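Residue-level structural notes
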Amino acid sequence: MFRKSACIISLVLVPAVVGADAVPSEDAAEGLFSDQPYSPYAQRTFPERPLWGDTHLHTGLSLDAGAFGNTLLPDEAWRFAKGEQVISSTGQPVRLSRPLDWMVLTDHTDLMGFAPDLQAGKPGVLSDPKGLEWYEGYKAGGEEAGKAAFDIITNFSQMTLPEILLESYSPGADAFAFTWESIVLAAERHNDPGTFTAFIGFEWTSVPKGFNLHRNVMLRDGPIRALQMVPPVTQPPYGDTDPKALYAWLEEYQEKTGGRAVAFAHNGNLSNGWMFPTEDTYHGGKVDEDYVADRAKWEPHYEVTQIKGDGEAHPFLSPDDEFADYENWDVGNLDITELKTDDMLAGEYAREALKRGLMLEEKFGVNPYKFGMGGATDSHTSLATAEEDNFFGKSVSVEPSASRIKHPFIANDLGEIPGDLLVASGYTAVWATENTRAAIFDAFKRRETYATTGPRIGLRFFGGWDFSEADVETRFLANVGYTKGVPMGSDLRPREGEAAPSFLIAALRDPVGANLDRVQVIKGWLDSEGALQEKVYDVAWSDNREVDQNGKVPAVGNTVDVETASWTNTIGTAELVTVWSDPDFDPNARAFYYVRAIEIPTPRWILYDKLRYGIELPEDAVLTHQERAYSSPIWYTPAE
């Protein structure tokens, strides 16, 4: 194990030869620098920093966000993401600490256009008894507005929305078409190639009977293509909750417009086991050749962490992973109409899905769960806040206030998700060649992305066969990474023999954030008996700690002062760089590897609320946590 810390090494990359869908071959990579000029910075056509963004944000156009009282529309959301100060729906000035580089606005497609009409009390809404009831709740505000919003969500998930409202705000209705056009044109107004990328997108909100099967969709294109079609919905008879219906729409979109689109799921933790099936799908289908091919084609990315829980791992599935129990939500499905049982968990979490993908690839020759990692806010306030000290909550009803901690996310006779469990997460970092729709989209397709729970941790991860200790010392780590290996999201280049792969890893703390505790490699593989395995390796850590008798690196400590909601960077380190080789490598076993970089403990958002409002927190509230980054995996496939 080689480790380097306390010095700042460049994370600059050299993907100049990296196309949209591939990494350079070994031969091509070897010739990368033969004709370099004296200046190592000249003739670069590659990114020099990760581009930070949010793949999942709702504005007041979404039916639930609007019902909660969100009055901010796409223009405000785009301005906020670009770093401008705005006034929230509850009248509070708010601004990001640093602008984002790109974003996807993902308003719900179902009942598109309904929310503004509800807020305005349009006759078409009030003529329906339910519409009138929701309007009166919205006008009452506060808790009543929250009840109205959750009633909308419940009727939506149970498919009991009033027929007249469905007809008025579904494809074919003017309100639907006008709203889609306004979303598209707003994105175009704020798209500034080279400076800020505004993606056209939407959320396809499949939630049959409360089982979360949501997908966000991101288009590579501008309005000329995007306006040739309206987005799909899920509520019958105008749409379908089966992901196959979304895949059909994506296929039609690309054929009809010549454009490009991808979809990505989120919150498998609220699907009660249906997000990553291996045998049967929720809709009665089979996981067969067609299913794995479609999923692999359309879903190269997964939103692994966000406001409704972190979905990387779960302690029931990974009992030897002491960091698996992080911001997990495991009460039930989205509306808690069915409680969770342990047998559901394997179909919900990203690590297990990556393992299942190896098994399905062995069976069908295609891995449907070969995805890159990303994080998002899923905020319904139009405000993409993922910082603990600047957290504006899930919805307008829980924007900063002395009472928001008391508001459960959801509660019914079966269970409750308390308000203090909301997660101030996360963002996606993209290693793209430039800040444009095309370049970022292409980076998503080749899975060169990583997730964080909010901090802007720098993370590079390369896999190859020849990395050495000397590579840790280079000042141009990315040059070595691309020359001798492949980046996150890729397949290891084929290599015969028994030698184990090696990985070049660099993590750099958020410049205004907390030091790093450790970097880990998570490996999953399919063993010779056909069983799925996993192992977590500590590969670099701070403070000269010694591995204990169980092979574990001890805890880094905790400097958080819970009375002042502060911490010090007197433990941990600013940077961790290492080369690691798999000590348990089996050349005959399919495997994947990804990196988890973990910060030292810092305060959760509820501690800032306690300090600012002088409130009492629940006795069992979790006050500190260790934020983290998840790289996209690198896969190994045995030679034929």
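Below or above, wherever it landed, is the structure these notes cover. Each residue is numbered by its place in its chain's sequence as written, counting from 1. At least 70 in pLDDT is required for a residue's local features to be given in this predicted model, at least 80 for side-chain atom pairs to be given and counted, and no such filter applies to totals for whole chains, interfaces and linings, which use all residues. Note that the side-chain values use all heavy atoms of the structure and ignore hydrogens as well as water.

**Thoughts on the pattern of salt bridges**
Take a side-chain nitrogen of Lys or Arg and a carboxyl oxygen of Asp or Glu: if they are within 4 Å of each other, that pair is a salt bridge. For the coordinates displayed, the defined rule picks out 41 salt bridges. A salt bridge links Arg351 to Asp321, with the shortest nitrogen-to-oxygen separation between them at 2.7 Å. Residue Arg351 is found in helix 13 (residues 350-364), and its partner Asp321 is found in the loop between strand 10 (309-310) and helix 13; the two are separated by 30 residues along the sequence. Note that Lys484 and Asp471 form a salt bridge whose closest N and O atoms lie 2.8 Å from each other. In this pair, Lys484 sits in helix 16 (residues 477-484) while Asp471 sits in helix 15 (residues 469-472), placing the two residues 13 residues apart along the sequence. When its relative accessible area of 27% is taken as the criterion, Lys484 is described as partly exposed. Taken together, the shared-partner salt bridges in this structure form one network comprising Glu312, Asp321, Arg351, Glu352, Lys355, Glu534 and Arg596. For helices the rule is a DSSP run of H or I covering at least 4 residues; for strands it is a run of E covering at least 2, with both sets numbered from the N terminus onward. With a 1.4 Å probe rolled over the protein chains alone, any residue whose accessible area is under 20% of its type maximum counts as buried; one over 50% counts as exposed, and the rest are partly exposed.

**Some details on the packing of aromatic side chains**
Any pair of Phe, Tyr and Trp rings, taking the six-membered ring for Trp, is counted once the centres come within 6.5 Å. Such a pair is stacked with planes under 30 degrees apart, edge-to-face with planes over 60 apart, and tilted for the rest. Within the structure shown, the criterion is met by 30 aromatic pairs. Between the aromatic rings of Phe202 and Trp249, the centroid separation amounts to 5.4 Å while the plane-to-plane angle is 90°, which identifies the pairing as edge-to-face. With Phe202 in strand 6 (residues 201-204) and Trp249 in helix 11 (residues 243-257), this residue pair connects regions lying 47 residues apart in the sequence. Trp249 shares its class with Phe202; the two are buried. Here the aromatic residues Phe461, Phe503, Tyr537, Trp580 and Tyr593 are joined through ring pairs into a cluster of three or more. Geometrically, a charge over a ring is one whose NZ (Lys) or CZ (Arg) sits within 6 Å of the ring centre while staying within 35 degrees of the ring normal. A cation sits over an aromatic face here: Arg460 above Trp431, 4.0 Å from the ring centre.

**As for the environment of Arg495**
Looking at the secondary structure, you find Arg495 in the loop between strand 17 (485-487) and strand 18 (502-508). Taking the C-alpha atoms as reference points, Arg495 and Asp389, 106 residues apart in sequence, are found 48 Å from one another. Of note is the side chain of Arg495, whose polar atom sits 3.2 Å from the side chain of Asp466. Here a polar contact is taken to be a pair of N or O atoms separated by no more than 3.5 Å, where protein atoms must pair a possible hydrogen donor with a possible acceptor and residues adjacent in sequence count only if both atoms sit in side chains.

**Some points on the pairing of strand 11 (residues 372-375)**
Residues of strand 11 alternate between two faces, with Gly372 and Gly374 on one and Met373 and Gly375 on the opposite face, all of them buried. Here, a strand pair is defined by DSSP locating no fewer than two bridges between the strands. Sheet analysis places strand 9 (residues 301-306) next to strand 11, joined by 4 bridges and oriented parallel. The residue of strand 11 that forms the bridge with Glu303 is Gly374.

**Comments concerning the side chain of Glu203**
Relative to the assigned elements, Glu203 resides in strand 6. For this count, His and the chain ends are skipped, Lys and Arg are scored as positive, and Asp and Glu as negative. One buried charge, Glu203, has no salt-bridge partner; the nearest side chain with opposite charge is Lys308, at 6.4 Å. Two residues qualify as a contact provided that any one of their heavy atoms is within 4.5 Å of a heavy atom in the partner residue. Glu203 has contacts with His56, His58, Thr106, Asp107, His108, Thr109, His214, Arg215, Asn216 and His266, leaving out every residue within four places of it along the chain.

**Observations concerning the sheet that holds strand 16 (residues 458-464)**
Taken in spatial order, the 4 strands make up an open sheet running 17-16-18-21, and their pairing is antiparallel. Lying at the two open borders of the sheet, with one neighbouring strand each, are strand 17 and strand 21 (575-581). Between one strand and the next, the sheet's axes are offset by a mean angle of 20°, whatever the strand orientation. As paired elements, strand 18 and strand 21 share 7 bridges and run antiparallel to each other. Each residue of the ladder has a partner; that of Ser502, found in strand 21, is Ser581. Here, axes are lines fitted to C-alpha atoms. For helices the fit covers the stretch in contact, and angles between N-to-C directions go from 0 to 180 degrees.

**Here we look at helix 14 (residues 437-445)**
With 7 of its 9 residues buried, helix 14 lies for the most part within the structure. Where helix 14 terminates, the next one or two residues include Arg447, which has phi positive at roughly 65°.

**Looking at the nonpolar core**
Residues Leu100, Met103, Leu250, Val519 and Tyr593 are the most contacted members of the largest nonpolar core, which totals 76 residues. Per element, the largest residue contribution to this core is 6 residues, and it comes from helix 9 (residues 174-190). We call a set of buried residues a nonpolar core when its members are Ala, Val, Leu, Ile, Met, Phe, Trp, Tyr or Cys and they connect through side-chain atoms within 4.5 Å of each other. Grouped together as the second largest cluster of nonpolar side chains are 41 residues, Leu166, Val207, Ile606 and Ile615 included.

**Some words on the side chain of Asp609**
In this fold, Asp609 is placed in helix 17 (residues 605-613). Residue Asp609 is classed as buried on the basis of its relative accessible area, which comes to 3%. In this structure the side chain of Asp609 is engaged in a polar contact, spanning 2.7 Å, whose partner is the side chain of Arg404. Not counting residues within four places of it along the chain, the set of residues in contact with Asp609 comprises Ser401, Arg404, Gly614 and Ile615.

**Some remarks on the packing of helix 11 against helix 12 (residues 289-298)**
For the pair helix 11 and helix 12, interaxial distance at closest approach is 11 Å and the crossing angle is 55°. Classified by the angle between their axes, helix 11 and helix 12 sit oblique to one another. Here helix 11 and helix 12 pass one another in a crossing that is left-handed. Of the residues in helix 12, those touching helix 11 at Tyr247, Leu250, Glu251 and Gln254 are Asp294, Arg295, Lys297 and Trp298. Among the residues forming the contact of helix 11 with helix 12, the class breakdown is 3 nonpolar, 1 polar and 4 charged. Geometric relationships in this document are graded by angle, where less than 35 degrees denotes roughly parallel, more than 145 denotes roughly antiparallel, 65 to 115 denotes roughly perpendicular, and other angles denote oblique. For any pair of crossing helices, the crossing counts as left-handed if the nearer helix is rotated counterclockwise from the farther one by less than a right angle, and right-handed if it is rotated clockwise. Gly falls in the polar group here, along with every residue not listed as nonpolar (Ala, Val, Leu, Ile, Met, Phe, Trp, Tyr, Cys, Pro) or charged (Asp, Glu, Lys, Arg).

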